[in-house]
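Close look at the chain arrangement
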Amino acid sequence: EDQMHEFEFPCHSRVRKNVRPKRDELTGEMKKGDSCPLQWIRVDPEYEWFRKTQFKMSEQMWINQLERDRDVVAQHEAISYLVSTINHVSKSPGYHGIQSCYKILNEQRYHHSIRVECAEALGKLAKEENKWLGLDLLVKFLKTRYFDADGLHPRPNQFDDVADYYVKKGVASALPHVCNA
């Protein structure tokens, strides 16, 4: 059965009024808060439907799902969507997606496999259009976390924290994903 059903979910709720504008960390410009009262939408989070579900959300909603949902599968879906959309569909550099992946890569509270996926995403999203921002952030992460103070010599591996070791290994394997394609 190749039947496809399309559903629209209208949302009639009040928009927050007193939202202060925030300064974008990458571009430095002031941006207004999102006018959408929804953070993100998950369809069938318990996988009870025996069907493939596919839906469209804005890039900001995927970023919210990646940063705020505690379910590892939801975080994986968000990373996959951000990488595929920025690489194939949109021609925009994807600064906010890259910034979100770097933020998660630095946070210890996320599962190490999600942090490794974010490192791979940074490698895949590093493009000439965004001035190789993903590559710069991967190198910055390696130098600040795994090199000595002058940034010339790597510190020896410490296996006290196995999750951190996997992240280190994942970041090193993400570097070859950077290409001029």
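Structural data are supplied above this passage.
The present account deals with the structure reproduced in this document. (Residues numbered from 1 in each chain as written. Predicted model: local features only at pLDDT ≥ 70, side-chain atom pairs only at ≥ 80, totals over all residues. Heavy atoms only, no water.)

Let us look at the overall build of the chain. Counting its regular elements, the chain contains six helices and two strands. Sequence-ordered secondary structure for the chain, helices as α and strands as β, is β-β-α-α-α-α-α-α. Sequence-distant contacts in the chain: of pairs separated by 6 or more residues, those separated by 24 or more amount to 59%. Summed over its atoms, the accessible surface of the chain is roughly 12800 Å², and 53% of this surface lies on carbon and sulfur atoms. (Helix = DSSP H or I, 4+ residues; strand = E, 2+ residues; numbered from the N terminus. Contact = heavy atoms within 4.5 Å. Areas by Shrake-Rupley, 256 points an atom, 1.4 Å probe, with all protein chains shown as cover.)

What follows concerns the packing of helix α1 (residues 59-68) against helix α3 (residues 95-106). Their axes nearest at 10 Å, the elements α1 and α3 cross at an angle of 5°. Here α1 is positioned roughly parallel relative to α3, judged by the angle of their axes. Here α1 contributes E59, I63, L66 and E67 to the contact with α3, which in turn contributes H96, G97, S100, C101, K103 and I104. Taken together, the residues that form the contact of α1 with α3 break down as four nonpolar, three polar and three charged. (Axes fitted to C-alpha atoms, helices over the stretch in contact; angles between N-to-C directions. Parallel < 35°, antiparallel > 145°, perpendicular 65-115°, else oblique. Nonpolar A, V, L, I, M, F, W, Y, C, P; charged D, E, K, R; others polar.)

Bringing α3 into the picture now. Here α3 spans 17 Å end to end across twelve residues, near enough to the 16 Å set by a 1.5 Å rise per residue. Taken together, the buried positions of α3 are occupied by G97, I98, Q99, S100, C101, Y102, I104 and L105. Check the buried side of α3 and you find it contacts α1, α4 (112-125), α5 (133-146) and α6 (162-174). (Expected span 1.5 Å × (residues − 1). Buried < 20%, exposed > 50% of the residue type's maximum accessible area, 1.4 Å probe, protein only.)

Once that is clear, we can look at α1. α1 sits mainly inside the fold: seven of its ten residues count as buried. Burial in α1 covers these residues: M61, W62, I63, N64, Q65, L66 and E67.

As enumerated under the stated definition, the model contains zero disulfides in all. The thiol of C101 is not disulfide-bonded; the next cysteine sulfur, from C118, is found 4.2 Å away. (Disulfide = S-S within 2.5 Å.)

What follows concerns the nonpolar core. Buried together is how nonpolar side chains tend to be arranged in soluble globular proteins. Counting residues in hydrophobic clusters, the biggest one holds 31 residues, and the most contacted among them are L105, L122 and V171. Secondary-structure elements contributing two or more residues to this core are α1, α2 (72-89), α3, α4, α5 and α6. The leading source of residues in this core is α4, at seven residues. Those residues in contact with L122 that lie beyond four places of it in its chain are I98, C101, Y102, L105, G134, L135, L137 and L138. (Core = buried A, V, L, I, M, F, W, Y, C linked by side-chain atoms within 4.5 Å.)

Another aspect to go through is the packing of aromatic side chains. A complete count under the given rule lists four aromatic pairs for this structure. Seen in terms of ring centroids, F141 and Y146 are 5.8 Å apart; in terms of plane orientation they differ by 75°. Their pairing is edge-to-face. Each member of the pair, F141 together with Y146, is buried. With 5.1 Å between their ring centres and 55° between their planes, F159 and Y165 make a pair best called tilted. Following the ring pairs from residue to residue traces out a cluster consisting of F159, Y165 and Y166. (Phe/Tyr/Trp six-rings, centres within 6.5 Å; stacked < 30°, edge-to-face > 60°.)

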